[in-house]
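# Structural description and commentary
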Amino acid sequence: MSDLDKAIAQLRACRPIPEIQVRELCYKARELLIEEGNVVSVDAPVTICGDIHGQFHDLMELFRVGGDVPDTNYLFMGDFVDRGFYSLESFLLLLCLKVRYPDRITLIRGNHESRQITTVYGFYDECLRKYGSANVWRYCCDVFDYLALGALVMGAGHDLAPIDAPFADPSQSNTDADDVEIELLNSQGQILSRFPRNRGGTQDTSQLSNTPSSPSQTKEQTPSRNGAPGTGATSTSGGSANNSGGAVLCVHGGLSPLIDSIDKIRLLDRKQEVPHEGAMCDLLWSDPDEIDGWGLSPRGAGFLFGADIVDCFNRKNDLSLICRAHQLVMEGFKEMFSSTIVTVWSAPNYCYRCGNVAAILELSEDGANAGYAPRSNGDMNRSNGVQSEKEDKRPGPGRRYRVFDAAPQDSRGMPAKKPVADYFL
Amino acid sequence: MAGTTGISTHTSPNGAWRITTRKLPILKADPIEALSNDIGIPIPEMIFGDNFVSVTHIPSQWTLEFNVRDALDRVSKTEQGMLQVAVAEEWKKERAHQEEVKQVVKPFDWSYSTDYCGTTHAEKGGEWRDAVGEKEVVRTDLLARQDPIQFFDAVDLYEDELADNGIALLNIKVRMMPERLLLLSRFFLRLDGVVIRIRDTRVYVEHAEKKVVRQYTAKEEEYDVVQEKLRGMRENAPEAFRDANKLAPMLRTIEDRTEVFEVS
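Keep in mind that this is a model prediction, so the values were computed, not measured.

## Digging into the side chain of Thr72 of chain A
Residue and element names in this part refer to chain A.
- By secondary structure assignment, the location of Thr72 is in the loop between helix H3 (56-66) and strand S3 (74-76).
- A polar contact is formed between the side chain of Thr72 and the backbone oxygen of Gly66, at a distance of 2.8 Å.
- Apart from residues lying up to four places away in sequence, Thr72 is in contact with Thr47, Gly66, Gly67 and Arg104.

Shown next as structure tokens:
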């Protein structure tokens, strides 16, 4: 067993590794990350994850639900640290896996991967508490500066790769597996619902906010040909000549008015503390909102961007979807703007008290479901497909969301369920 | 969400007063949208919309309730009193050339500062009146006694991380002892580099009396001033800045009023 494998085993048991090992690990990680561009290319299939926030036991649950590294190819969209009690173990484990399996896990930077933010929101204090000095915090912050700002997922399939999974509700097992746009699974790997692509007809522009457990949802799970209300199963699949789901851009926060093409992200100098302003800051901080164009947050800093901005950016950069994290959503994921952007949130029961579920998003490989793909003869490669669809909005890739609850609470250091009575005045 | 899920309740030994709490997960997307449409401002990131705490006088069915909707409805829905984050000036200077993005979206008090003192349901009428004399106060002397706590709960109504510029939190603690009860609804705001704000509502009842005493205290201080004080006290600043109890004595009192409701 190599030292690295030993470190992985130790971290998996939620035990910190010695300071000297952290230093070495961070050094190796930096050497690896420095070679990555600002926008990392990732090939589908890939499983995309949102905020983790030091909820180590829930990260273990995520791996149980999504599969282990290196069997599953992972992309984490930042905010590994702060708020939870095990930022250190969570981040170091992800970093170890990155160094051990560099091609099977991609880490991009969140706004919490910064010196300033971690001093306020817990990671700094945690390092100090666990090591007695700030050295480990410093090593980690040096790694933060080298994390990529985004990732571009290529070759995601228009169709989902079929899986051999039972339905949570057996009465639905006859649901059509054809042309599924969205599939929703629970943490036991059972299918909760499937949403086929719209065959023309009205487009549902409402936000997707699946509530897999809510009774009202079950009515909508019948194999209707229209996307169920509120599901965002909205893209048309009409003339798609291949099985490509188009490229998917992953960033922690969102877009920036200074960035109109992915190449402009590539030109940024990222190896620094997250600045208070500029494109790099926006990519890690901005949020989509129901507005037209760009808006300034009422807080006085930070951008909001509307559906038109996303639509324009996706067309120009030949994207079918933007995937981001950064905002808590009760349902674990939320598709907006006719499914042109999705928020993925992977910290269940956030801060150990919100009671929300978490989600991860699986994108299949192009051609993985060839049997169902509506291909035409001699028109199979991606670039031809791009040409023919240039004018149209790209149909999104098939999306499989796995939702999961918080891991059973470990007694160590976790806040008790019942509040402790105190003589407050 | 209806039903009794998440509800805890406790009645005073003399059968006159009852505390009820409800604790449930944060709201889902649809109820969030409905609430936002109802009160007309965006909803805090962590919204425990089904949670509440209430104190009921059982014989008269008089109830003082603390719920999320009414608390948020007291947040300013205009630019009035709107704070700016510490980096706002710098940020705007930097963006001055970007014509298209000068528009502030939906101005409102995004710090979610509320002066909410609870919602009164008085079926038999009556009103809150100003407290008179030294007897109508929250009796800290009696409440400081280590009487057995027969019921205790802490309930979050909402919390927002202010896009990592600090914290805004409204939570309620309640405890019932054999002879009296105390409820503390606390709004705590820390806007990093700008301001610390605490708005407390205390509700105090002697079980043997037919009287509810309610004290509202608003405190505030500039962030830098508090930071200086902490430095002088050799406190671990990041930790102290998360602890409203530690910060409260360092703030200036802006408003302090005590009212009484006599139930029948």
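## Some words on the sheet that holds strand S4 (residues 52-57) of chain B
Residues and elements named next belong to chain B.
- The five strands are arranged S1-S2-S4-S5-S6 in an open sheet whose pairing can be described as antiparallel. Each edge of the open sheet carries a strand with a single partner, namely strand S1 (7-11) and strand S6 (119-121). Within the sheet, the average angular offset between the axes of one strand and its neighbour, ignoring direction, is 15°.
- Sheet analysis places S4 next to strand S5 (residues 62-67), joined by six bridges and oriented antiparallel. Counted as the bridge partner of Thr56 is Thr63 from S5.

## A closer look at the packing of aromatic side chains
- A complete count under the given rule lists 20 aromatic pairs over all chains for this structure.
- Aromatic side chains Phe85 of chain A and Tyr352 of chain A sit 5.0 Å apart centroid to centroid with 10° between the ring planes, which places their arrangement in the stacked category. Pair noted here: Phe85 of chain A is in the loop between S3 and helix H4 (87-100) and Tyr352 of chain A is in the loop between strand S14 (341-344) and strand S15 (358-363), with a separation of 267 residues, a long-range link.
- Overall, Phe85 of chain A belongs to the partly exposed group, its relative accessible area being 31%.
- Ring centres 5.4 Å apart and planes at 80° place the aromatic pair Trp128 of chain B and Phe261 of chain B in the edge-to-face group. Of this pair, Trp128 of chain B sits in the loop between S6 and strand S7 (129-130) while Phe261 of chain B sits in strand S13 (residues 252-262), and the two are 133 residues apart along the sequence.

## Thoughts on unusual backbone geometry
Residues and elements named next belong to chain A.
- Cis geometry marks the peptide bond from Ala44 to Pro45, where omega comes out at 5°.
- As for its placement among the helices and strands, Pro45 is situated in the loop between strand S1 (39-43) and strand S2 (46-49).
- Put simply, Val69 and Pro70 share a cis peptide bond, and its omega is 5°.
- Among the structural elements, Pro70 can be located in the loop between H3 and S3.
- Its identity as a non-glycine residue notwithstanding, Cys14 has a phi of 65°, on the positive side.
- Examined against the element boundaries, Cys14 turns out to sit in the loop between helix H1 (3-12) and helix H2 (19-33).
- Judged by relative accessible area, Cys14 falls into the buried class, the value being 7%.
- Of note, His53 is a non-glycine position whose phi angle comes to about 50°, a positive value.
- One can find His53 in the loop between S2 and H3.

## Brief notes about the interface of chain B and chain A
- Contact residues are listed per partner, giving 63 residues for chain B and 52 residues for chain A.
- When chain B packs against chain A, the two sides together hide about 4600 Å² of surface, and 59% of this comes from carbon and sulfur.
- Contact with chain A buries surface across chain B, with Lys28, Trp91 and Asp164 of chain B losing the most and accounting together for 15% of the total.
- Put simply, chain B and chain A have six salt bridges between them.

## Let's talk about the packing of helix H6 (residues 123-131) of chain A against helix H7 (residues 135-144) of chain A
Residue and element names in this part refer to chain A.
- Relative to each other, H6 and H7 sit at 140°, their axes nearing to 8 Å. In terms of orientation, H6 lies oblique with respect to H7. Judged by residue contacts, Phe123, Tyr124, Cys127 and Tyr131 of H6 engage Val136, Trp137, Cys140 and Phe144 from H7.
- Of the residues in the contact of H6 with H7, the class split is eight nonpolar, no polar and no charged.

## Quick word on the UniProt feature "domain: Serine/threonine specific protein phosphatases" (unreviewed entry) in chain A
- The feature "domain: Serine/threonine specific protein phosphatases" (unreviewed entry), as annotated in UniProt, sits at residues 108-113 of chain A in this numbering.
- The span residues 108-113 of chain A is 0% helical and 0% strand by assignment, and the distance between its end C-alpha atoms comes to 9 Å.

## Section: the sheet that holds strand S12 (residues 211-222) of chain B
All names here are of chain B.
- A sheet is described by the order of its strands in space; here eight strands give the open sequence S3-S8-S9-S10-S11-S12-S13-S7, paired in antiparallel fashion. Pairing within the sheet leaves two strands with one partner each, and these edge strands are strand S3 (46-47) and S7.
- Inspection of the sheet shows S3 paired to strand S8 (residues 151-160) by two bridges, in the antiparallel sense. Of the residues in S8, the one forming a bridge with Met46 is Glu159.

## A few points about the pairing of strand S2 (residues 17-22) of chain B
Residue and element names in this part refer to chain B.
- The element S2 is largely enclosed, with a buried count of five among its six residues.
- Here S1 pairs with S2 via five bridges, running antiparallel. Bridge assignment links Ser8 to a residue of S2, and that residue is Thr21.
- The hairpin formed by S1 and S2 contains five residues between the paired strands, and Gly15 there has a positive phi angle of roughly 75°.

## Here we look at the side chain of Thr56 of chain B
All names here are of chain B.
- Take Thr56: it is sitting in strand S4.
- Within polar-contact distance, the side chain of Thr56 engages the side chain of Thr63 at 3.0 Å.
- Setting aside its immediate chain neighbours within four residues, Thr56 contacts Ala16, Trp17, Arg18, Gln61, Trp62 and Thr63.

The rules behind these values
Residues numbered from 1 in each chain as written. Chains lettered and ligands numbered in written order. Predicted model: local features only at pLDDT ≥ 70, side-chain atom pairs only at ≥ 80, totals over all residues. Heavy atoms only, no water. Helix = DSSP H or I, 4+ residues; strand = E, 2+ residues; numbered from the N terminus. Polar contact = N/O pair within 3.5 Å; in protein donor to acceptor, adjacent residues only side chain to side chain. Contact = heavy atoms within 4.5 Å. Pairing = 2+ DSSP bridges. Axes fitted to C-alpha atoms, helices over the stretch in contact; angles between N-to-C directions. Phe/Tyr/Trp six-rings, centres within 6.5 Å; stacked < 30°, edge-to-face > 60°. Buried < 20%, exposed > 50% of the residue type's maximum accessible area, 1.4 Å probe, protein only. Buried area = accessible area lost by both parts, 1.4 Å probe. Salt bridge = Lys/Arg side-chain N within 4 Å of Asp/Glu carboxyl O. Parallel < 35°, antiparallel > 145°, perpendicular 65-115°, else oblique. Nonpolar A, V, L, I, M, F, W, Y, C, P; charged D, E, K, R; others polar. UniProt positions renumbered as here; feature names shortened; annotations may be inferred.

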